[in-house]
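Spelled out from the first residue to the last, the chains are:
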Amino acid sequence: MPCLVIVGGFFGDEGKGKIVAYLTKKENPVIAVRGGVGPNAGHTFCHEGKIYKVRMLPSAALNSTTQLLVGAGVLVDPDILLDEIKSFGVFDRTLIDSQCGIIEKAHIQRDIVGPHLKNKIGTTGTGTGPANADRALRVLKVAKEIPELTPFIGEVSDTVNTALDKNESVLVEGTQGTFLSLYHGSYPYVTSKDVTASAICSDVGLGPKKVDDVLIVFKAYVTRVGKGPLKDEITSDVAKARGWLEYGSVTGRQRRASPFDPILAKKAIRLNGATQIAITKLDIIFPNSAGVREFSKLPREAQNFVEDIEGETGLAVTLIGTGADLTQIVDRRDSSASAVTL
Ligand code: IMP
Ligand code: MG
């Protein structure tokens, strides 16, 4: 089953980067393609003691045989993209769609001044909202107009669909999380686009019948940066005591936190048409599960936590993160009847 879409189930920062980095290392997809909003998302993955962050490239950058694509619906900040291409040394396998919208300095300025976006919504200040507004007004520049990007410009939808016609594997990486969706999230405390699986496919130019599996990523607890509702939010002191205190990878802001919310999870599964679940950071909730790679070796209460989620949602939890390194994971795809494969 060659086409897998990965999306966030809560408010972003679920650990999609780690899941994508693991799957690409294990399965060597021909293509990893990024959908979503743009450089407001920071995906992190760790391997062999090094921490990597991407805001523009797919989280498959370590995998030397995977082509790295950015879909037409994604906004590109040329400075950030070119820095990442340079630091990962991926000049020969990066492809940016000719119609990706371009974030300019003026968009960032509009995002960080004034009370609405910065103070009321609590945006990341990366210029994505104002750039998408300009796109809707049809005054935004697109990637083919930017000379520095010329070596990387192509037709991402054609490339992805041609690969699928040849039965080659394609991993589609979503960004943000379901409840940051402009349409389905906690409006107005949301990002500037829909970010559910259908929108991520649209970003890369992929029709709905081309998708084989939608893997939804939940963290073992919920976090949110910026403003907006968060049910059963705990104080930062309690979060600290539990080891749940996190800081945003793009903005450095402290993330708000709450316990895993099965009702929200079920809603996210529907909105995305998810077929499989990945749970990350199980080791934060159950320290004895740190580094474990087999389900049967997880502490009983950790197994129960996962099985309760399966019971509530009716979906298999096929991947379970047990530590920061991309190899610290329980991979149950082989033992699951409808396993996610690439
Ligand atoms: P914007 O997307 O920068 O306009 O920010 C709108 C809201 O979405 C703010 O609450 C941000 O903190 C949040 N947001 C946007 N992208 C991400 C992400 O990748 N992770 C977590 N929160 C995000
Ligand atoms: Mg993030």
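Residues numbered from 1 in each chain as written. Chains lettered and ligands numbered in written order. Predicted model: local features only at pLDDT ≥ 70, side-chain atom pairs only at ≥ 80, totals over all residues. Heavy atoms only, no water.

Q: What am I meant to see in the site of ligand 1 here?
A: Residues in close proximity to ligand 1 total 16 residues, the closest being Asp13, Asn40, Thr124, Thr191 and Arg253. Take Thr191: an N or O atom from its side chain is 2.6 Å from an oxygen atom of ligand 1. Within the side chain of Arg253, one N or O atom sits 3.0 Å away from an oxygen atom of ligand 1. Protein contacts shield 97% of the accessible area of ligand 1, which totals 470 Å² for the unbound molecule. When atom positions are compared with the pocket grids, ligand 1 is found to occupy the largest pocket. Per-class residue counts for the shell around ligand 1 are six nonpolar, eight polar and two charged. (Near = heavy atom within 4 Å. Polar contact = N/O pair within 3.5 Å; in protein donor to acceptor, adjacent residues only side chain to side chain. Areas by Shrake-Rupley, 256 points an atom, 1.4 Å probe, with all protein chains shown as cover. 1 Å grid on protein atoms, 1.4 Å probe; cavity = no way out; pocket = protein on both sides within 12 Å on 5 of 7 lines; lining within 4 Å. Sits in = over half its atoms within 2 Å of the grid points. Nonpolar A, V, L, I, M, F, W, Y, C, P; charged D, E, K, R; others polar.)

Q: Explanation requested: the coordination of the magnesium ion (ligand 2) in the structure shown.
A: Under perfect tetrahedral coordination by four donors, a metal shows angles of 109.5 degrees; under perfect octahedral coordination by six donors, it shows angles of 90 or 180 degrees. Here the magnesium ion (ligand 2) is held by the protein donor atoms Asp13 (OD) and Gly42 (O), which lie 2.2 to 2.5 Å from it. In this pair, Asp13 is assigned in the loop between strand E1 (3-8) and helix H1 (16-27) and Gly42 in the loop between strand E2 (31-34) and strand E3 (43-47), connecting sequence segments 29 residues apart. (Donors = N, O, S within 2.8 Å, 3.2 Å for Na, K, Ca; no water. Helix = DSSP H or I, 4+ residues; strand = E, 2+ residues; numbered from the N terminus.)

Q: Explain the pairing of strand E9 (residues 213-219) to me, please; I cannot follow it from the model alone.
A: Summarising burial for E9: seven of the seven residues are buried, a large majority. Side chains Asp213, Leu215, Val217 and Lys219 project from E9 onto one buried face, and the interleaved Val214, Ile216 and Phe218 project onto a second face that is buried too. Pairing geometry for E1 and E9, over five bridges, is parallel. Note that in E9 the partner of Val7 across the bridge is Ile216. In this sheet, strand E12 (residues 276-280) lies alongside E9 in parallel orientation, the contact comprising five bridges. Paired with Val217 across the bridge in E12 is Ala278. (Buried < 20%, exposed > 50% of the residue type's maximum accessible area, 1.4 Å probe, protein only. Pairing = 2+ DSSP bridges.)

Q: How do you make sense of the packing of helix H3 (residues 105-112) against helix H5 (residues 128-136) when you look at a structure like this?
A: For any two helices packed against each other, the geometry comes down to the angle between their axes and how far apart the axes lie. In the contact formed by H3 and H5, the axes pass within 7 Å of each other and the chain directions differ by 120°. The orientation of H3 with respect to H5, classified from their angle, is oblique. Of the two elements, H3 crosses H5, and the hand of that crossing is right-handed. Seen from H3, the contacting residues are His107, Arg110 and Asp111; seen from H5, they are Thr128, Gly129, Pro130, Ala131 and Asp134. Taken together, the residues that form the contact of H3 with H5 break down as two nonpolar, three polar and three charged. (Axes fitted to C-alpha atoms, helices over the stretch in contact; angles between N-to-C directions. Parallel < 35°, antiparallel > 145°, perpendicular 65-115°, else oblique. Left-handed = near helix turned anticlockwise from the far one by under 90°. Contact = heavy atoms within 4.5 Å.)

Q: Help me understand the environment of Phe305 in this model?
A: Relative to the assigned elements, Phe305 resides in helix H11 (residues 300-313). Looking at Phe305, the relative accessible area reads 18%, which means it is buried. Sequence spacing of Phe305 and Ile285 is 20 residues, and the spatial spacing of their C-alpha atoms is 9.7 Å.

Q: What is the right way to look at the pattern of salt bridges in this model?
A: Opposite charge on two side chains permits pairing when their charged atoms draw close. Taken as a whole and judged by the stated rule, the model has 18 salt bridges. Among the salt bridges present, the one from Lys16 reaches Glu14, with a minimum N-O distance of 2.5 Å. Each of the two residues, Lys16 as well as Glu14, counts as buried. The closest approach of N and O atoms between Glu27 and Arg333, which form a salt bridge, is 2.5 Å. Of this pair, Glu27 sits in helix H1 while Arg333 sits in the segment after strand E14 (329-331); the two residues are 306 residues apart in sequence, bridging distant segments of the chain. Since its relative accessible area comes to 25%, Glu27 is described here as partly exposed. (Salt bridge = Lys/Arg side-chain N within 4 Å of Asp/Glu carboxyl O.)

Q: What should I look at first to understand the pairing of E3 in this one?
A: Along any regular strand, the residues point their side chains to alternate faces of the sheet. Most of E3 is tucked away: four of the five residues are buried. Counting the residues that bridge the hairpin from E3 to strand E4 (residues 50-54) gives two residues, and of these Glu48 lies at a positive phi of roughly 50°.

Q: I'm lost on helix H9 (residues 262-272) in this one. Help?
A: In an α-helix, one full turn covers 3.6 residues, which means residues spaced three or four apart are oriented alike. The complete set of buried residues in H9 reads Leu264, Ala265, Ala268, Ile269 and Asn272. Burial along H9 is one-sided: seen end-on, the buried residues are contained in an arc of 140°. In H9, those exposed residues whose orientation departs by more than 90 degrees from the buried face are Ile263 and Arg270. Contacts made by the buried residues of H9 are with E1, helix H7 (197-204), E9, E12 and H11. Phi turns positive, to about 60°, at Gly273, one or two residues after H9. (Arc of directions from axis to C-beta.)

Q: Before we go on, may I ask you to explain the sheet that holds strand E8 (residues 170-173) in this structure?
A: Strand-to-strand pairing in sheets goes through backbone hydrogen bonds, with the strands running parallel or antiparallel. Pairing is mixed across the open sheet formed by ten strands, whose spatial order is E7-E6-E5-E2-E8-E1-E9-E12-E13-E14. In the strand order of this sheet, the two ends are held by strand E7 (153-154) and E14, each with one partner. In the packing of H7 onto the sheet, the strands contacted are E1, E2, E8 and E9, and the crossing angle to E1 comes to about 125°.

Q: What is the right way to read H11 from this model?
A: With 14 residues, H11 should cover 20 Å at 1.5 Å per step; its first-to-last C-alpha distance of 20 Å lies within 8% of that length. Buried within H11 we find Ala302, Gln303, Phe305, Val306, Ile309, Glu310 and Thr313. An end-on view of H11 places all buried positions within 160° of arc, on one side of the element. Turned more than 90 degrees from where H11 packs its buried face, Asp308 and Gly311 sit exposed. (Expected span 1.5 Å × (residues − 1).)

Q: Looking at this structure, I do not really get the packing of aromatic side chains. What am I missing?
A: Pairs of aromatic rings are described using the distance from one ring centre to the other and the angle between the two planes. Inspection of the entire model under this criterion finds ten aromatic pairs. Ring geometry for Phe45 against Tyr52: centres 5.5 Å apart, planes inclined by 15°, an arrangement best described as stacked. For the pair formed by Phe45 and Tyr52, the shared burial category is buried. Aromatic side chains Tyr221 and Trp244 sit 4.8 Å apart centroid to centroid with 10° between the ring planes, which places their arrangement in the stacked category. In this pair, Tyr221 is assigned in strand E10 (residues 221-224) and Trp244 in the loop between helix H8 (236-242) and strand E11 (256-259), connecting sequence segments 23 residues apart. An aromatic cluster is built from Phe10, Phe218, Phe260, Phe286 and Phe305, whose rings are joined through pairwise contacts. Over the ring of Trp244 we find Arg242, and its NZ or CZ is 4.8 Å from the ring centre. (Phe/Tyr/Trp six-rings, centres within 6.5 Å; stacked < 30°, edge-to-face > 60°. Lys NZ or Arg CZ within 6 Å of the ring centre and 35° of its normal.)

In short, geometric facts, not functional conclusions.
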